[in-house]
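Understanding the architecture of this molecule
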Amino acid sequence: MTAAQNSKCDPLPSSLPYAEVVFNLPLSDKFTYKIPDHLLGLIEAGMRVFVPFGRRRITGYVVDLTSSARKDIALKSIESISDSEPVVSTEILELTAWMAGYYGASWGEAIKAAIPAGLDEEAREHFSLAEDGLRALENESLPDKTFALLETLRQRPGLTLKQLQNKLKKQFAAHLPARMKKEGYLSSEVKIKSDAVSRRREKFVRLLEPQPPVEEIDKRLKRSPRQKQLYESLRDSGEQSVSSLRERFPKYAEPLKQLQLKNLAGVSVKQVSRDDALPAAASAPLETPPKLTADQEKVYRTLVSALDAGRFEVFLLHGITGSGKTEIYLRCIQRMLDLGKGSIMLVPEISLTPQTVGRFKARFGQGVAVLHSGLSQRERYGEWKRIREGSVSIVVGARSAIFAPFKNLGLIVVDEEHDASYKQESAPRYHARDTAIVRARMNNATVILGSATPALETRHNAETGKYQRLSLPRRIGDAFLPLVEIVDMREERKAKNNFSILSISLINGIRRRLKRGEQTFIFLNRRGAANQVFCQGCGFVYHCPHCSVTLTLHRENDALRCHYCNHAARLAEACVECGDELIRFRGFGTQKLQEEVQSMFPGARVARMDRDAMHSRNAFDDMFRDMTSGAVDILIGTQMITKGHDFPKVTLVGVVNADLALNIPDFRSSERAFQLLTQVAGRAGRGETPGQVVVQTFNPEHYVYRFVQSHDYEGFYAEELQFRERLNYPPYSRMAAFEIDAAQPRQAEALARRLKGELTRALSGTRGAELLGPSPAALFKLKNRFRWHLILRATGSGPLQAVLKKHSALRQGKKKLFPGANLTLDVDPVNLL
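Residues numbered from 1 in each chain as written. Predicted model: local features only at pLDDT ≥ 70, side-chain atom pairs only at ≥ 80, totals over all residues. Heavy atoms only, no water.

As for the overall build of the chain
Looking only at helices and strands, one finds 26 helices and 32 strands in the chain. Relative to its length of 833 residues, the chain is compact, with a C-alpha radius of gyration of 31 Å against a globular reference of 28 Å. For the chain, the spread of C-alpha atoms along the principal axes amounts to about 100 × 70 × 65 Å. The buried share of the chain, taken over its 833 residues, is 51%. (Helix = DSSP H or I, 4+ residues; strand = E, 2+ residues; numbered from the N terminus. Rg over C-alpha atoms; globule rule 2.2 N^0.38 Å. Buried < 20%, exposed > 50% of the residue type's maximum accessible area, 1.4 Å probe, protein only.)

Structure follows, in structure tokens:
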């Protein structure tokens, strides 16, 4: 059914008889479908269509129309279209085609990432008991699994395969429903599950046809003025929705019921377009922009020249924490509004706080759309629809906001451009920063990459002239950067006999802040109460049965949890191995830290901000309000407190167990540690009062701490770059990570070595590329799968992509070459665990 034809992104005349369709499946092929006569002239590239695919019927995306198809293939026809106009523009089609080629994904996977979740329709087969099945239950001796299946459907007809699996659990056999249907024991009906995101069900009222004579109608309604009024409204205006009737006739229900009983009116249910944008906040006067500093003015003038010229250019805005980068973003966005162009403001998910969004809405009012994972699917669709319809010109959002459907894009800002959350962890594994640059090039738009601690690759690109570097070296109002103290916790214990989680310096600092009515942040990048639970008698350690990690104790319900697969177990009173009751705990997380801080400062108002505490939808808003009002004295948290916050009363930041980031087996661990510590230190002293930072470590000799203490990004950059150059790591090379996982460790190893053999053959004739590995992944077992890694390293993007194009053939033959395994590819990886 596939057709190897070259497709362009621009839609061809819509009367062409064939459509090229791609799917959200790991298949690089496009599939050619015949357009039936009744749909000719209605289908365009960028529309969603519902088509037969193998034994299924699924949603696909039209990427091209064509006048010819291969003669040796019996083409299937498109069954229906889901859209009256394309949901994917020509520009986004082109962008997703690039993503698919560069990141080794399928085009359909890339398109799926670019549109709101929940839009696709799905065909589901519902099974019921046939007469032969009922007789078999009553008269025959059946195997256990067969009996369980038939009995379940006798009690609950119309279940899907997934529902049957949930009901039967271990008694479910995937092959049985199809076999029993073939043998006549079951019947089935295929129902289409329409998307509930772009559509909703609405009741409509209409007059029934044919209507009785006018005299008869007058007779039936003579004594019912409200029924007559409703009848005349339906007669004059035609079919009306119940919601519109409710507005005009608040007490419509009883008159309508009577019109139905008199066979004059009927009610039907239809699917209509949904509009669930975020509710508009109460309008307020827009804030007046502050006067720019001399540094800001210089940067802004440079940016405006590119914005006004409408030319593609990438700027690295390197500004220390508190230097006013956000004000530069706001001014540039205002410039785009004046020029009638759209702007995308990308921020890491963790930074998308009420404070960040509030600042944009204070400046631009309701002309701002927000896209992030905290919204429901319907709300995200509502915001996406507002952008598509041109109701807004500004989007603030996390990674996926890069696909905002603007028709006239002029500016993309990537704040905290170094943040690892811009990299998608599932197919297509795109990097939003790099995708932003490609999209900007397509639109002759400007890109601003902002950070106090730019990624080494970004800083190197600026140094080599690929990007233009702009600098904001001073804080607003000439405020001082906080004083950073590095505390050696080894000496703390030896010399001061202090075995507390907190150092003496941090304890004294907190006391001073409490007396002065100031606030404190305490950062620990580990959740839970204890990260290891063990038996003192036999040494048994509680590990996750599905992953190669220890279970973490959470105090809320004394549960042991895995932070990778979410496995949970109750904390037993005695050792499960030897029965000893001497259960001990090692390590600590934010829960334990909160307990200790609260016991040390019983009068302080202590709050916690981590994934466990921020589980409700309004948790961030509540915490922001409490911090702003001064209702919190000490805030303890993970990475959530490191970015996107500007609280003037926070004058002390403590970093507990700072070595955690340095102990990750990844060549980027030092860079990430420096970025994280610099960012969290930047939360202190952003008001008029100078700030202080206390960093607790057991390894104070590490060079990262020297540069953190002196706020010396340039010094860190120079030293880290030497290390990267010696070992030929990025930015001096380009990398792609292959991962293969299987149910058994030996199987995973054997398949990884087979993968190396296939890639070695793909390397032949390609200069400047090499393979590293295979080797077991640092996190070897994850969700009952055993993982091996293989790294492809090349001198540049050209040699890397040359090898990866050959890898696309590996994906097609994956089942044959790697039976029972999952093979994934990550181009430009940011995480090698």
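Back to the write-up after that little detour.
Let's talk about the packing of aromatic side chains
As enumerated under the stated definition, the model contains 22 aromatic pairs in all. Measuring from centroid to centroid gives 6.4 Å for Phe 360 and Phe 364, while their planes differ by 40°, and the two rings are tilted. With Phe 360 and Phe 364 both in helix H13 (residues 354–364) and four residues apart, this pair spans about one turn of that helix. Across the pair, Phe 364 and Phe 360 agree in class, each one buried. A ring pair is formed by Phe 707 and Phe 716, whose centres lie 6.3 Å apart and whose planes are at 75°; its orientation type is edge-to-face. (Phe/Tyr/Trp six-rings, centres within 6.5 Å; stacked < 30°, edge-to-face > 60°.)

What to know about empty space enclosed by the protein
Inspection of every chain in the model, using the stated rule, returns two cavities of 30 Å³ or more. In this structure, the largest cavity is lined by ten residues; those nearest its centre are Met 609, Phe 620, Met 623, Phe 624 and His 645. Broken down by element, the residue count for the lining of the largest cavity peaks at four residues, all from helix H20 (residues 619–629). Considering only residue class, the lining of the largest cavity consists of eight nonpolar, two polar and no charged. (1 Å grid on protein atoms, 1.4 Å probe; cavity = no way out; pocket = protein on both sides within 12 Å on 5 of 7 lines; lining within 4 Å. Points joined across faces, edges and corners; volume = space filled by probe spheres on them. Nonpolar A, V, L, I, M, F, W, Y, C, P; charged D, E, K, R; others polar.)

Quick notes on H20
Within the sequence span of H20, burial applies to Ala 619, Met 623 and Met 627. Viewed end-on, H20 has its buried residues packed into an arc of 60°, placing them on one side of the element. The inward-facing, buried residues of H20 abut strand E19 (519–523), strand E25 (606–609), strand E26 (634–637) and strand E27 (650–655). Note on H20: the residue one or two positions beyond its end, Gly 630, has a positive phi of about 85°. (Arc of directions from axis to C-beta. Contact = heavy atoms within 4.5 Å.)

A word on the sheet that holds strand E13 (residues 368–371)
Hydrogen bonding along the main chain pairs the strands of a sheet, whether they run parallel or antiparallel. The seven strands lie next to each other as E13-E14-E12-E15-E16-E11-E17, forming an open sheet whose pairing is parallel. Bordering the open sheet on either side are E13 and strand E17 (468–472), each of which pairs with just one other strand. When the angles between neighbouring strand axes are averaged without regard to direction, this sheet yields 20°. Pairing of strand E11 (residues 313–319) with strand E16 (residues 446–451), which is carried by six bridges, proceeds in the parallel orientation. Bridging from a neighbouring strand, His 318 pairs with Ser 451 of E16. On top of the sheet, helix H12 (residues 325–338) reaches E11, strand E12 (342–346), strand E14 (394–397), strand E15 (409–415), E16 and E17; it is set at about 170° to E15, its chief contact. (Pairing = 2+ DSSP bridges. Axes fitted to C-alpha atoms, helices over the stretch in contact; angles between N-to-C directions.)

Quick word on the side chain of Glu 416
In this fold, Glu 416 is placed in the loop between E15 and helix H15 (432–443). Buried charged residue Glu 416 carries no salt bridge. Nearest counter-charge: Arg 683, at 5.1 Å. At 3.0 Å, the side chain of Glu 416 and the side chain of Gln 679 are in polar contact. (Lys, Arg positive; Asp, Glu negative; His and termini not counted. Salt bridge = Lys/Arg side-chain N within 4 Å of Asp/Glu carboxyl O. Polar contact = N/O pair within 3.5 Å; in protein donor to acceptor, adjacent residues only side chain to side chain.)

Some details on the nonpolar core
Core analysis: the biggest nonpolar cluster contains 74 residues, and Phe 738 and Leu 792 have the highest contact counts within it. For Phe 738, the contacting residues outside a window of four places in its chain are Leu 755, Leu 759, Trp 788, His 789, Leu 790, Leu 792, Leu 804, His 807, Leu 823, Thr 824 and Leu 825. With 39 residues, the next largest nonpolar core counts Phe 674, Ala 684, Phe 716 and Tyr 717 among its residues. (Core = buried A, V, L, I, M, F, W, Y, C linked by side-chain atoms within 4.5 Å.)

Some thoughts on the pairing of strand E28 (residues 692–697)
When you tally the buried positions in E28, you get six out of six residues, the bulk of the element. Along E28, one buried face is formed by Gln 692, Val 694 and Gln 696 and the opposite face, lined by Val 693, Val 695 and Thr 697, is buried too. Across six bridges, the pairing between strand E18 (residues 483–488) and E28 is parallel. Bridge assignment links Glu 485 to a residue of E28, and that residue is Val 694. Bridge count for E27 against E28 is four bridges, and the pairing is parallel.

Some remarks on the packing of helix H3 (residues 131–139) against helix H4 (residues 144–155)
Relative placement of two packed helices is described by the angle separating their axes and the distance separating the axes. Their axes nearest at 10 Å, the elements H3 and H4 cross at an angle of 115°. Between H3 and H4 the crossing geometry is left-handed. Contacts between H3 and H4 pair Gly 133, Leu 134 and Leu 137 from the former with Phe 147, Leu 150, Glu 151 and Arg 154 from the latter. In the contact of H3 with H4, the residues fall into four nonpolar, one polar and two charged. (Left-handed = near helix turned anticlockwise from the far one by under 90°.)

So, the sheet that holds strand E21 (residues 552–554)
Taken in spatial order, the three strands of this open sheet run E21-E22-E23, and their pairing is antiparallel. Two strands bound the open sheet, and with one partner strand each, they are E21 and strand E23 (568–570). Strand after strand, the sheet turns through a mean of 35° between neighbouring axes, direction not considered. Of the strand pairs in this sheet, E21 and strand E22 (residues 559–561) are connected by three bridges, and their pairing is antiparallel. Across the sheet, Leu 553 pairs through a bridge with Leu 560, a residue of E22.

Things to note about the pattern of salt bridges
Enumeration over the complete set of coordinates arrives at 45 salt bridges. For the salt bridge of Glu 183 with Arg 179, the shortest nitrogen-to-oxygen distance reads 3.6 Å. Each of Glu 287, Glu 327, Arg 331, Arg 359 and Arg 363 takes part in one network of salt bridges that share partners.

So, unusual backbone geometry
With an omega dihedral of -5°, the bond running from Glu 209 to Pro 210 counts as a cis peptide bond. Counting through the fold element by element, Pro 210 comes out in the loop between strand E8 (199–207) and helix H7 (214–221). Cis peptide bonds are those with omega within 30 degrees of zero, and the linkage from Gly 773 to Pro 774 qualifies with 15°. Tracing the chain through its elements places Pro 774 in strand E30 (residues 769–782). You will see that Glu 416, though not glycine, has its phi angle at about 50°, which is positive. The class for Glu 416 is buried, based on a relative accessible area of 9%.

Everything listed here is a matter of geometry and, on its own, says nothing about what the molecule does.
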